[in-house]
Amino acid sequence: LNAAKIKPSTPIFWIAGDKDGLTAEGSAYAFDKAPPNPKSAYVVIEGATHINTQAKAAPKIIAWLKGL
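First, a word on what this report is: a plain description of the structure on this page. Quick caveat, the model's predicted, so the values are computed rather than measured.

About the thresholds
- Residues take numbers from 1 onward in each chain, read along the sequence in its written order.
- Only residues with pLDDT of at least 70 are given local features in this predicted model, and only at 80 or more are side-chain atom pairs given and counted; all residues enter the totals for whole chains, interfaces and linings.
- With hydrogens and water stripped out, all remaining heavy atoms of the structure feed into the side-chain values.
- Under the DSSP-based scheme used, a helix requires at least four consecutive residues in state H or I and a strand at least two consecutive residues in state E, with every element numbered from the N terminus.
- We compute the radius of gyration from the C-alpha atoms alone; for a globule the expected value is 2.2 Å times N to the 0.38, where N is the number of residues.
- In this scheme, a residue with accessible area under 20% of its type's maximum is buried, one over 50% is exposed, and one in between is partly exposed, where area comes from a 1.4 Å probe on protein chains only.
- Here, two residues are considered to be in contact whenever any of their heavy atoms come within 4.5 Å of each other.
- In this tally, Asp and Glu contribute negative charge and Lys and Arg positive charge; neither His nor the terminal groups of the chain are included.
- In this description, the location of a charge corresponds to atom NZ of lysine, CZ of arginine, CG of aspartate or CD of glutamate.
- Two rings belonging to Phe, Tyr or Trp (six-membered ring only in the last case) form a pair when the distance between their centres is within 6.5 Å. Interplanar angles under 30 degrees mark stacking, angles over 60 mark edge-to-face geometry, and anything in between is tilted.
- The nonpolar core is taken to be a set of buried Ala, Val, Leu, Ile, Met, Phe, Trp, Tyr and Cys residues, with the residues joined through side-chain atoms within 4.5 Å.
- A helix's residues, less one, multiplied by 1.5 Å, set its expected span.
- The quantity called bend is, for any residue, the angle between two axes fitted respectively to the seven residues ending at it and the seven beginning at it.

Observations regarding the overall build of the protein
In terms of regular secondary structure, the protein is built from 1 helix and 2 strands. Going residue by residue from the N terminus, the α and β elements of the protein occur as β-β-α. On C-alpha atoms alone, the protein measures out to a radius of gyration of 12 Å, which is about the 11 Å that the 2.2 N^0.38 rule sets for 68 residues. Seen through its C-alpha atoms, the protein measures out along the principal axes to roughly 30 × 30 × 15 Å. Considering the protein as a whole, with its 68 residues, one finds that 29% of them fall into the buried category. A sequence separation of at least 24 residues applies to 73% of the contacts in the protein between residues at least 6 apart. Of the side chains in the protein, 8 bear a positive and 5 a negative charge, and the two mean positions are spaced by 11 Å.

Written as structure tokens, this is what we have:
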């Protein structure tokens, strides 16, 4: 419900580890429910678990932030 309340002008960067059981539903869990924004991104990190997804995604996070 919260994703649908995000302002359309707000870009979202959602990272998910492919080995994280909490992300089994993929982008349908919440990302797809947010208003579309051309700067939003849903990224799956290969070999990442719930514990190490952020660390493995750091270069992608930085690149996305620089692209805003």
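Looking at the packing of aromatic side chains
What the rule picks out here adds up to 2 aromatic pairs. Geometrically, the ring pair formed by Phe-31 and Tyr-42 is tilted, given 5.5 Å between the ring centres and 55° between the ring planes. Taken together, the residues span a long stretch of sequence, with Phe-31 in the loop between β1 (13–17) and β2 (41–45) and Tyr-42 in strand β2 at a distance of 11 residues. By relative accessible area, Tyr-42 is classed as partly exposed at 23%.

Quick word on the nonpolar core
A general feature of soluble globular proteins is that nonpolar side chains tend to end up buried together. Core analysis: the biggest nonpolar cluster contains 8 residues, these being Phe-13, Ile-15, Ala-41, Val-43, Ile-45, Ala-48, Ala-57 and Trp-64. If you list the elements that add at least two residues to this core, you get β1, β2 and α1 (53–66). Sort the elements by how many residues they give to this core and β2 lands first, with 3 residues. Leave out the neighbours within four places in its chain, and Ala-48 touches Gly-17, Asp-18, Lys-19, Asp-20, Thr-53 and Lys-56.

Things to note about α1
If you check α1, its first and last C-alpha atoms are 20 Å apart, about what 14 residues at 1.5 Å a residue would give, namely 20 Å. Bending of α1 peaks at approximately 50° at the position of Pro-59.

A short note on the side chain of Asn-37
Its place among the elements puts Asn-37 in the loop between β1 and β2. The class for Asn-37 is buried, based on a relative accessible area of 14%.

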